[in-house]
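The chain contents come next:
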Amino acid sequence: MKNILGRRSFPVPLLLYLEWVLLAIALLTAFSPPVIHSPGQQGQGHRIHRHIHRPETITDNQQRRSGYGARQRNRNWGHYRSRRFPLGILVSIGSLGLMGLRLPERSRTPAIRWVYIACGFTFSWLAVVFGGRGVSFLSALLLVVVIRACLLFSWRDRIAVAIFAYGLFLLWVFMRLRPLAGNWADPIQGLVLTLTFNSSVLFGLVLLFVLLLVGALLSEQESRQKLAEANQQLREYAMLIEDRAISQERNRIAREIHDSVGHHLTAQSIQLENAALFIAEDKQRAARHLQQARELGKEALKEVRASVKSWRSHPLKQSFLQALSQLISEFEATTSVPVASNLQIPDTLPLDISIVLYRVIQEALTNISKHAQATKVDLFLLENSREFALKIEDNGCGFNPAQNTTGFGLQGMGERVMAVGGHFDLNSSPGEGCKIEVKIWKNQHHDSSSVG
């Protein structure tokens, strides 16, 4: 229904209602009862009824002049009535109204819009031609065309259309005043001229007001539309950020489980295997392995409870160097693989960097104990004026990184390093061990963070 009434073509429904009002005024004016002018008052747009008392001393010349003027006025009125064509008026105004039900799209070529406006002016002028010289509804029709031009064009073209509409109005005024030429000495004709001039000035002011009003309404509508689009984009961005935050939180929780609980369970599994290996030959040694496995199980349980309680808690319950030394000692005791460590780093580090370095070293040692079959591990960690540098290297069996698509630990290490603006690089090949290098710049806004 809205499409039939043309409301979709008008960004501001108020302008559509204003058009309907103007067209209704034009129809009522066109088919209102004609104005009958009293003698001596031809050309006035209002009724003035007079009773003229002829004095007794009227000369014959005056009688002839007044009789000739009356006959001339009667002929003009008859000619005006004969030129009225009501059906043509109705068709012209109706066609102008139907044009408003579907405006051309602003995305189309300007020629189509200009043809549309030209048709509006044509129907307006045809209504005047069919109505005869005495019509007074042209101004309403021109306002309708100007309103539509404001919806189709930019400010420069709107002003051009308004100037053309004002020119048509002045031409129509000139055609109405032309029969009165030569009779300006008559006070009534002078009054008609004054009223016509005032109406011309008033119509120009109305055109200016319509241009400013429609421009303000369209600007407000455009601002509302841009605001609605911005709000929609903000909602989409908020949903995207929420999805990313949820995904990052899931990845972080997975990394925490893998790095903490997974590490303890892996070490426990190694201790149980050692206990099963020595239970027949050396029961005391097997008992020690079982005791260590029991302790590792308790630690894993503590990690699970701590993770459930608060996933964002600091995994280092002591200083960084103390926690790192304990981690290395546990690895050597569990795997009997010596670790040659070179730690040139202060004991106090930024919280996020210390967590990342600890988790990367923990995951690397866990992978070595599970897969590398190494006999020696080298660990270098140092700090300089620009960066924190970490290197972990083993002499194990190595692997092909391109074929390792299921290991979450390596991916987790890279994501952790990237999160603090660092660079993660892994080099390994079968039979040549594995080397992990990490660089974390002290300027955490470094732009070249990547995973190698």
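None of the values given here were measured: they were computed from a predicted structure. (Residues numbered from 1 in each chain as written. Predicted model: local features only at pLDDT ≥ 70, side-chain atom pairs only at ≥ 80, totals over all residues. Heavy atoms only, no water.)

Describing the overall build of the protein
Inference 1: Helix and strand counts for the protein come out as 12 helices and six strands.
Inference 2: The buried share of the protein, reckoned over its 452 residues, is 36%.
Inference 3: Contacts in the protein between residues far apart in sequence, at least 24 positions, make up 72% of those at least 6 positions apart.
Inference 4: Entry remark: accessible area of the protein is about 26,700 Å², with carbon and sulfur atoms responsible for 59%. (Helix = DSSP H or I, 4+ residues; strand = E, 2+ residues; numbered from the N terminus. Buried < 20%, exposed > 50% of the residue type's maximum accessible area, 1.4 Å probe, protein only. Contact = heavy atoms within 4.5 Å. Areas by Shrake-Rupley, 256 points an atom, 1.4 Å probe, with all protein chains shown as cover.)

Considerations on the environment of Ser 325
Inference 1: Inspection of the secondary structure puts Ser 325 in helix H10 (residues 320-335).
Inference 2: Since its relative accessible area comes to 37%, Ser 325 is described here as partly exposed.

Some words on the confidence of the model for the protein
Inference 1: In the predicted model, the protein carries a mean pLDDT of 77, and the fraction of residues at 70 or more is 75%.
Inference 2: Low confidence marks residues 445-452, where pLDDT is under 50. Its contacts with residues over four positions away, or in another chain, come to 16 contacts. (pLDDT = per-residue confidence, 0-100.)

What to know about the environment of Trp 125
Inference 1: Tracing the sequence through the fold places Trp 125 in helix H5 (residues 110-131).
Inference 2: Trp 125 gets classed as partly exposed once you look at its relative accessible area, which sits at 21%.
Inference 3: Not counting the four nearest positions on each side in its chain, Trp 125 is found in contact with Leu 138, Leu 168, Leu 171, Trp 172 and Met 175.

Some points on the packing of aromatic side chains
Inference 1: In this structure the tally under the stated criterion is seven aromatic pairs.
Inference 2: Ring geometry for Tyr 17 versus Trp 20: centroids 5.6 Å apart, planes at 50 degrees, classification tilted. Pair noted here: Tyr 17 and Trp 20 are both in helix H2 (residues 13-30), with a separation of three residues, about one helical turn.
Inference 3: Assessed through its relative accessible area of 35%, Tyr 17 is described here as partly exposed.
Inference 4: Each ring, one from Phe 169 and one from Phe 203, has its centre 4.3 Å from the other, and the planes form 25 degrees; the classification is stacked. Taken together, the positions of Phe 169 in helix H7 (residues 155-177) and Phe 203 in helix H8 (residues 187-278) put the pair 34 residues apart, joining distant regions of the chain. Each member of the pair, Phe 169 as well as Phe 203, is classed as buried.
Inference 5: The residue whose ring lies beneath Arg 158 is Trp 155, and the NZ or CZ to ring-centre distance is 5.0 Å.
Inference 6: Above the ring of Phe 388, the side-chain terminus of Lys 442 is found at 5.6 Å from the ring centroid. (Phe/Tyr/Trp six-rings, centres within 6.5 Å; stacked < 30°, edge-to-face > 60°. Lys NZ or Arg CZ within 6 Å of the ring centre and 35° of its normal.)

Comments concerning unusual backbone geometry
Inference 1: Located in the positive-phi region is Ser 336, a residue other than glycine, with phi close to 60 degrees.
Inference 2: Inspection of the secondary structure assignment puts Ser 336 in the loop between H10 and strand E1 (339-344).
Inference 3: Of note in the backbone geometry, Gln 373 takes a positive phi value of approximately 55 degrees without being a glycine.
Inference 4: Along the chain, the position of Gln 373 falls in the loop between helix H11 (351-372) and strand E2 (377-383).
Inference 5: A relative accessible area of 70% means that Gln 373 is categorised as exposed.

A word on a nonpolar patch on the surface
Inference 1: On the surface, Leu 27, Phe 31, Phe 85, Leu 87, Leu 90 and Val 91 cluster together to form a nonpolar patch covering roughly 530 Å² of accessible area.
Inference 2: For the nonpolar patch, the element with the highest residue contribution is helix H4 (residues 86-99), accounting for three residues. (Patch = residues over 30% accessible without salt bridge, like charges linked within 9 Å, V, L, I, M, F, W, Y side chains within 5 Å. Salt bridge = Lys/Arg side-chain N within 4 Å of Asp/Glu carboxyl O.)

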